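Each chain, written out:
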Amino acid sequence: MTSPQASAWSDDGYVTETPYTRSYLRYQTPIAMSFAAQANGFDAPDFRKSFHYCDLGCGEAVTVLALATAYPHGTFVGVDLNPVHTAHAQAFAERLNLKNITFFTGTFDAFAAQNTVEFDYVAAHGVYSWVAPEVRTSLVQAAHDCLGTGGLFYFCHYVLPGGAPTEALFHMFKALFPDDAKSLNHGAAQALKTLRALEKANVAIFDEQHDLRESLTELENRDARYLVHEFCNQHFCPRFFKDVADDLAQQDFTFVGTTRPERLQTKNLLPIGSAAEALDGQSLLDAEIQASLFSNDAFRWDVFKKAVKPSQTVSDIGHYFLDSEAFPFAYPKSVTLWDRQVSFDTDVFRAIINPAHSGTFTINDVIQHSEMVEFGSEMVLQTVFDMLASRKFQPLVRSALPPVSRSKTSFRFTNGFPTIFFERDFLTEGFVCFPSEITGSAIVLSGFQALAAVQIIGRDIPTALSTTRSIIESLSPKVRKNIGVPVGYADELFKRDEKRFKNQTLPKLIKYEIIS
């Protein structure tokens, strides 16, 4: 791959010409990392107390800025090589008057060399797969050097065998990138166009690997910035999970879980039967290595712990509040947890719903509830895990509020993050991020729901909804598409979105104290 300017990449081949997309990554929150470790029997930092958190390769830093808002008692650092990223992030923090976050511009080696903090949490989302081998080494070394003993390392990366189609597309992009490209954006667009022509001509690779056709269609609908950063780097190297885990073990890291709740128990990764039973009795790591292979893993959201003894089992998930993400409270009779089907049409599930749906009971409260005695704590706990894995439920940092609103009420945000993010990013990124101290994470809304959530501030509900519709009708078709609103926004669609906002979105914003 060539380019008219060598400055389009960093010295080690990472794209610097174009800033990356802005997005919120819910899987690298302190609560998700600690829960993953404790659910598998390992102790973890207490995110309810003061802690230190570092995001290596933070990009535009939407996630770490949101986390600094959701955890005002924590201290956060975002590290990125691209000065445009860190400048944007610093400007946002200053507008929000966030005092618990700083940014470092430079390499992982340079940051680790000057760092004096023992971090409780270190995160690195995706970076590992797109950098040169020596940078992969320095990333893991920096995480090791910056973490305190017992700290958690969130490590998200592409893996084989499932990542093979993406790797093939990456190399095809490199081969088809035009020598006379004016920019990386221009070259990526041209390479994508050529790929589509080859697909229409039924060249063998598309004819024989049908997944590539779907991937190509997905890429054509992606933001140009995503395309450049995913396919115009000089390096892309998905690896088998075992090889990655072996490398991290050399730096005293132990695999302790994953922040994807449906993957948290390895038995969810394979259908019930001989394949799943083969994992029984194996260590957590060995079971995960096999499951990663046979479930055709493409992307992983792993948590590793620094300096832990295999015999260390000091788990306590009882303090987490159990909450229903579904509102109103309606649940399917069965769900598929990655590759394992479970039924929610059971007496134990129905018994758990009553104390669990409000977000005001801890897991211990639920297990010890009088209605659970007949089922036994083991069955109740397994059902709780299945509920969380369904993503209809979630653990909370602290108790939720009653999701009650009145039509005449005038609302306000409990922090300034959504307003600043809306003004800066909504029309270009198509979503708004709403951090919550109760969830220890953020709600991400797009389209009508995001716009109405911002317009509700200082207004009653009817006025906010009518204002939202007026704004949508004033937007160009291109902008409407970008924020996820149909061009032909008829009365029927408005009534549907209005009902959803009043019955689902607004109660959630109140329940998690995002607005008051």
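See above for the structure.
Definitions and cut-offs
Residues numbered from 1 in each chain as written. Predicted model: local features only at pLDDT ≥ 70, side-chain atom pairs only at ≥ 80, totals over all residues. Heavy atoms only, no water. Helix = DSSP H or I, 4+ residues; strand = E, 2+ residues; numbered from the N terminus. Rg over C-alpha atoms; globule rule 2.2 N^0.38 Å. Buried < 20%, exposed > 50% of the residue type's maximum accessible area, 1.4 Å probe, protein only. Contact = heavy atoms within 4.5 Å. Areas by Shrake-Rupley, 256 points an atom, 1.4 Å probe, with all protein chains shown as cover. Lys, Arg positive; Asp, Glu negative; His and termini not counted. Charge placed at Lys NZ, Arg CZ, Asp CG, Glu CD. Core = buried A, V, L, I, M, F, W, Y, C linked by side-chain atoms within 4.5 Å. Salt bridge = Lys/Arg side-chain N within 4 Å of Asp/Glu carboxyl O. Expected span 1.5 Å × (residues − 1). Pairing = 2+ DSSP bridges. Phe/Tyr/Trp six-rings, centres within 6.5 Å; stacked < 30°, edge-to-face > 60°. Lys NZ or Arg CZ within 6 Å of the ring centre and 35° of its normal.

Glancing now at the overall build of the protein. If you tally the helices and strands in the protein, you get 21 helices and 15 strands. For a compact globule of 516 residues, the expected C-alpha radius of gyration is about 24 Å, and the protein comes in at 23 Å, within 12% of that figure. Classification of the 516 residues of the protein by burial places 54% in the buried group. Counting contacts in the protein only where the partners sit at least 6 residues apart, residues at least 24 apart contribute 77% of the total. Surface exposure of the protein reaches about 21,900 Å², of which carbon and sulfur atoms provide 51%. Looking at charge distribution, the protein has the averaged site of its 46 positive side-chain charges lying 8 Å from that of its 59 negative ones.

For the rest of this paragraph, the subject is the nonpolar core. With 135 residues, the main nonpolar core has Leu65, Leu322 and Ile352 as its most contacted residues. Here this core takes seven residues from helix α2 (residues 62-70), the largest share from any one element. Grouped together as the second largest cluster of nonpolar side chains are 33 residues, Leu56, Val77, Phe104 and Ala143 included.

It is worth spelling out the pattern of salt bridges at this point. Two side chains with opposite charge may pair up if their charged atoms get near one another. Tallied over the entire structure, the rule returns 31 salt bridges. Put simply, Asp345 and Arg350 hold a salt bridge, and the shortest N to O gap is 2.7 Å.

Let's shift gears to helix α19 (residues 461-474). Counted at 1.5 Å a residue, the expected span for α19 with its 14 residues is 20 Å, and the 20 Å between its end C-alpha atoms agrees. Against the buried residues of α19 lie α18 (447-455), α20 (477-483) and α21 (491-511).

Now for the pairing of strand β15 (residues 441-446). Relative to β15, strand β14 (residues 431-436) runs antiparallel, the two sharing six bridges. Its bridge partner being in β15, Ser436 is matched across the sheet by Ser441. Between β14 and β15, which pair antiparallel in sequence order, lie four residues; one of them, Gly440, sits at a positive phi of approximately 65°.

This part is about the packing of aromatic side chains. Here a ring pair, both rings aromatic, is described through the centre-centre distance and the interplanar angle of the planes. Applying the stated criterion to the full structure yields 34 aromatic pairs. Ring centres of Tyr331 and Phe393 lie 5.1 Å apart, and the angle between their planes is 15°; on these two criteria the pair is classed as stacked. Note that Tyr331 is positioned in the loop between β9 (321-324) and β10 (334-337) and Phe393 in strand β13 (residues 393-396), a separation of 62 residues in sequence. Neither Tyr331 nor Phe393 differs from the other in exposure class; each is buried. Between Phe421 and Phe431, the aromatic rings sit 5.1 Å apart at their centres with planes inclined by 45°, giving tilted as the arrangement. Of the two residues, Phe421 sits in helix α17 (residues 417-429) while Phe431 sits in strand β14, which places them ten residues apart along the sequence. According to the relative accessible area criterion, Phe421 is buried, its value standing at 1%. Within the aromatic cluster, the residues linked to one another by ring pairs are Tyr27, Trp130, Tyr158, Phe170, Phe236, Phe299 and Trp301. The ring of Tyr226 has Arg222 lying over it, and the distance from NZ or CZ to the ring centre is 3.9 Å. Above the plane of the ring of Trp301 lies Arg260, whose end atom (NZ or CZ) is 4.4 Å from the centre.

Nothing here speaks to function; it is geometry throughout.
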